[in-house]
Amino acid sequence: MEKQEKSGHLVLVMARFQGHSTPMLQLATILHSKGFSITIVHPEFNSLNPSNHPEFTFVSIPDKIKESQLSDEDLADKLKNSLVSTEDVAGSLQSLNKNCAAPLQKCLENILHSHHHIAAVIFDALIFCAQTIVNELGIPGITLRTSSATTLLLFPVLPQLGEKELMSGIESPELQALQLQRLRALIVQNPTQAMMEVRAAFTNMIKFSSAIIVNSMEFLELEALSKVRQYFPTPIFTVGPLHKLAPAICGSLLTEDDKCISWLNKQAPKSVIYVSFGSIANIDKQELIETAWGLSNSKQPFLWVVRPGMVCGSEWIESLPNWFEESVGERGCIVKWAPQKEVLAHAAVGGFWSHCGWNSTIESICEGVPMLCRPFFGDQLLNTSYIRNVWKIGLELQNLERGNTVRTIKRLMVEMEGKDIRKRAMDLKKKAALCLMEDGSTTCSFNGLIKQISV
Ligand code: UDP
């Protein structure tokens, strides 16, 4: 990538969720290494530690998260078993944006006053009000989408298409395999005022942004990217996998428990199934117990992340039955939070039972780890379609019936079918590495982005 000297000042507006703040920090680190000075505007309530990043200026704005009921737990409850466009989520996004708008505007005016020139404001797509504010201030606004590029089609394009148009518009086998009709049905059913407004704001954001940055790779979403580009003239820069370009960043909101690495060191190559549902999804006690049954009966070694508070009505894992520990013994390791990227890169890990959040999906692809998909809500359903139907690097665990869980784990971890899946996952890992080469798509995309914001 081209090295730049003192290329200008950038303001990055961060959303507070783990899956959003980490890619934003990674992007900030890369842009800083290219010579940009950086201010990060972040919501008041989060556990960012500015002293870990002395190279950036941090400014916090109130987002009235408590009043708008958008804590991680509340959001998880709202999202459970639904798609991102449910009334509740739309309402919460609306109030987040309503609450942020005035403080963000004031904050950007202050920064503009002290720096005189801002090369661009890069904002998380959840904070779509930023686009209107930067338009008024005459600063280029760039959206960072921390999910797949395909999600850019969901709100602005899918609801506008009739059944016929949808079929003719998505004639390619790759797009067919994503079952976009199913997603469209979920999005358009019972639209409320809040949903319509959020959709309109999201569409405007995409239309009026000077560019869209996506933590993805061209080859992963080839057809969908070409559709997005067909619908929107906005330049789209696919700059993933960001965690490989800024590997030293630890944006973890929880403390990583390293003891699982010494446990992994004792396991046979590719024998361990790693189980984690990310930073937001919650499960009930029954799901915890069924997961425990599946892991116990599969006889595979497992590393399982159970966040404190992740099991509804429990502090941690106290509702696990007594037989569980006796039955699995040293074969299992449970932690509250793992160094996930290190875990996925470990030679002992052979499969990832995942909720299929976009970051987890990209991290798994980069290490060639096949996946067992158990999506909960939102874009996790779309990511599962990619993993299972398009890239064919995983299986879906559709229910936790005990026999089914054991069979699906075996299919992935030990049977012939799993070997083919693993081979395809390894192929994707190689393709991902190529994106980062000097003439790779990510390197070219980054150079394009830097050129755009340097003028
Ligand atoms: N993660 C982690 N340790 C864990 C579980 C998750 O570091 O024990 C990280 C993971 O590497 C990923 C992020 O948390 O970067 C989760 O993001 P994702 O988009 O997969 O899911 P979300 O949390 O947004 O649902």
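Residues numbered from 1 in each chain as written. Predicted model: local features only at pLDDT ≥ 70, side-chain atom pairs only at ≥ 80, totals over all residues.

(A) The arrangement of the domain arrangement of the protein in detail. We note that the domain assignment places domain 1 (9-250) and domain 2 (258-433) within the protein. Distance between the C-alpha centres of domain 1 and domain 2: 27 Å. Listing elements by their share of the side of domain 1 that touches domain 2, those giving two or more residues are α1 (18-33), α2 (72-79), α7 (173-177) and α11 (242-245). Looking at side-chain class alone, the side of domain 1 that touches domain 2 contains 13 nonpolar, 14 polar and five charged residues. (Domains from an automatic or database assignment. Helix = DSSP H or I, 4+ residues; strand = E, 2+ residues; numbered from the N terminus. Nonpolar A, V, L, I, M, F, W, Y, C, P; charged D, E, K, R; others polar.)

(B) A look at the site of the ligand. Surveying the vicinity of the ligand reveals 20 residues, the closest of which are Gly19, Gly278, Ser279, Gly357 and Ser360. When residues of the shell around the ligand are traced back to their parent elements, those giving at least two are α1, α15 (340-345) and α16 (358-366). Ranked by residues supplied to the shell around the ligand, first place goes to α16 with four residues. Of the residues contributing to the shell around the ligand, the split by class is seven nonpolar, eleven polar and two charged. Taken domain by domain, the makeup of the shell around the ligand includes at least three residues from each of domain 1 (9-250) and domain 2 (258-433). (Near = placed C-beta within 6 Å.)

(C) Examining the packing of helix α13 (residues 285-298) against helix α18 (residues 402-413) more closely. Relative to each other, α13 and α18 sit at 50°, their axes nearing to 9 Å. By the angle between their axes, α13 is oblique relative to α18. α18 is crossed by α13, and the crossing has right-handed handedness. Contacts from Glu290, Trp293, Gly294, Asn297 and Ser298 of α13 reach α18 at Arg402, Thr405, Val406, Ile409 and Lys410. Partitioned by chemical class, the residues of the contact of α13 with α18 number three nonpolar, four polar and three charged. (Axes fitted to C-alpha atoms, helices over the stretch in contact; angles between N-to-C directions. Parallel < 35°, antiparallel > 145°, perpendicular 65-115°, else oblique. Left-handed = near helix turned anticlockwise from the far one by under 90°. Contact = placed C-beta atoms within 7 Å.)

(D) View of the pairing of strand β2 (residues 36-43). Counting buried positions along β2 yields six of eight residues, so the element is predominantly enclosed. Pairing of strand β1 (residues 8-13) with β2 involves six bridges; the strand directions are parallel. Note that in β2 the partner of Gly8 across the bridge is Phe36. Taken together, β1, α1 and β2 constitute a β-α-β crossover, and its handedness is right-handed. As paired elements, β2 and strand β3 (residues 57-61) share five bridges and run parallel to each other. Bridge assignment links Pro43 to a residue of β3, and that residue is Ile61. (Buried ≥ 20, exposed ≤ 12 C-beta atoms within 10 Å, placed from the backbone. Pairing = 2+ DSSP bridges. Right-handed = clockwise from strand over helix to strand, strands pointing away.)

(E) Spotlight on the sheet that holds strand β6 (residues 211-214). Strand order in the open sheet formed by seven strands is β3-β2-β1-β4-β5-β6-β7, with parallel pairing between adjacent strands. Each having just a single partner strand, β3 and β7 (236-238) make up the two edges of the open sheet. Across the sheet, the mean angle separating the axes of adjacent strands is 20° when strand polarity is ignored. Packing of helix α20 (residues 441-454) onto the sheet brings it into contact with β1, β4 (120-124), β6 and β7, and relative to β7 it is tilted by some 135°.

(F) Summary view of unusual backbone geometry. Here the amide bond leading from Gly240 into Pro241 is cis, since omega sits at 0°, within 30 degrees of zero. As for its position among the elements, Pro241 is in the loop between β7 and α11. Here the phi dihedral of Lys270 falls at roughly 55°; this positive angle occurs in a residue that is not glycine. By the element assignment, Lys270 lies in the loop between α12 (259-265) and β8 (272-276). Judged by the 17 C-beta atoms lying within 10 Å of it, Lys270 is partly exposed. Despite not being glycine, Lys392 shows a phi value in the positive range, around 55°. Its location among the elements puts Lys392 in the loop between α17 (379-390) and β13 (394-396). Residue Lys392 is classed as partly exposed on the basis of its C-beta count, with 16 C-beta atoms lying within 10 Å.

(G) Highlighting the nonpolar core. Counting residues in hydrophobic clusters, the biggest one holds 126 residues, and the most contacted among them are Val13, Ala130, Ile213 and Leu303. By residue number, the principal contributor to this core is helix α3 (residues 87-115), which donates eight residues. If near-sequence neighbours (up to four positions away) are discounted, Ala130 is found in contact with Val13, Leu104, Val121, Phe123 and Gly141. (Core = buried A, V, L, I, M, F, W, Y, C linked by C-beta atoms within 7 Å.)

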